[in-house]
Amino acid sequence: MIDAAIIGLGRWGQGFVEEVQGKSERLRFVRGVDRGIDKIRDYAAAHGFTPTESLADVLCDPAVTAVVLATPHSL
């Protein structure tokens, strides 16, 4: 199982989470990064991952073995 973080939880990021979380035998999201942690806190709890506003937190987390980028090109 690959324990991944998803960066960006707008429409695209949430779409990835909803297609993978609890359905894939190979990938699960354990962390999620978004600039507005308050707006993703409930979403993260409902989908079983830890929310954060800090990319650095995710990159330093030894539990995260992959990163999925779901941010706009401008970011």
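Heads up: the structure comes first, above all this text.
Right, let's walk through the structure included here. (Residues numbered from 1 in each chain as written. Predicted model: local features only at pLDDT ≥ 70, side-chain atom pairs only at ≥ 80, totals over all residues. Heavy atoms only, no water.)

## Points about the environment of V20
When you line up the elements, V20 lands in helix α1 (residues 11–20). In this structure V20 comes out as buried when scored by relative accessible area, which is 15%. Measuring from C-alpha to C-alpha, the distance between V20 and A66 comes to 14 Å, with 46 residues separating the pair along the chain. With residues near it in sequence (within four places) discarded, V20 still touches L27, R28 and F29. (Helix = DSSP H or I, 4+ residues; strand = E, 2+ residues; numbered from the N terminus. Buried < 20%, exposed > 50% of the residue type's maximum accessible area, 1.4 Å probe, protein only. Contact = heavy atoms within 4.5 Å.)

## A few points about the packing of aromatic side chains
Taken as a whole and judged by the stated rule, the model has 1 aromatic pair. Measuring from ring centre to ring centre gives 6.3 Å for Y43 and F49, while their planes differ by 65°; the resulting arrangement is edge-to-face. Given the relative accessible area of 13%, Y43 is considered buried. Classification of F49 as buried rests on a relative accessible area of 5%. (Phe/Tyr/Trp six-rings, centres within 6.5 Å; stacked < 30°, edge-to-face > 60°.)

## So, the nonpolar core
Within the largest apolar cluster, 12 residues are counted, these being A4, I6, L9, V17, V20, F29, I37, I40, Y43, A44, F49 and A70. Within the residue set of this core, elements represented by two or more residues are β1 (2–7), α1 and α2 (37–47). Here the element with the most residues in this core is α2; it accounts for 4 residues. The contacts of F49, once residues within four sequence positions are left out, are L9, V17, Q21, F29, V30, R31, G32, Y43 and A44. One finds A5, I7, V33 and V58 within the second-largest nonpolar core, a separate group that totals 5 residues. (Core = buried A, V, L, I, M, F, W, Y, C linked by side-chain atoms within 4.5 Å.)

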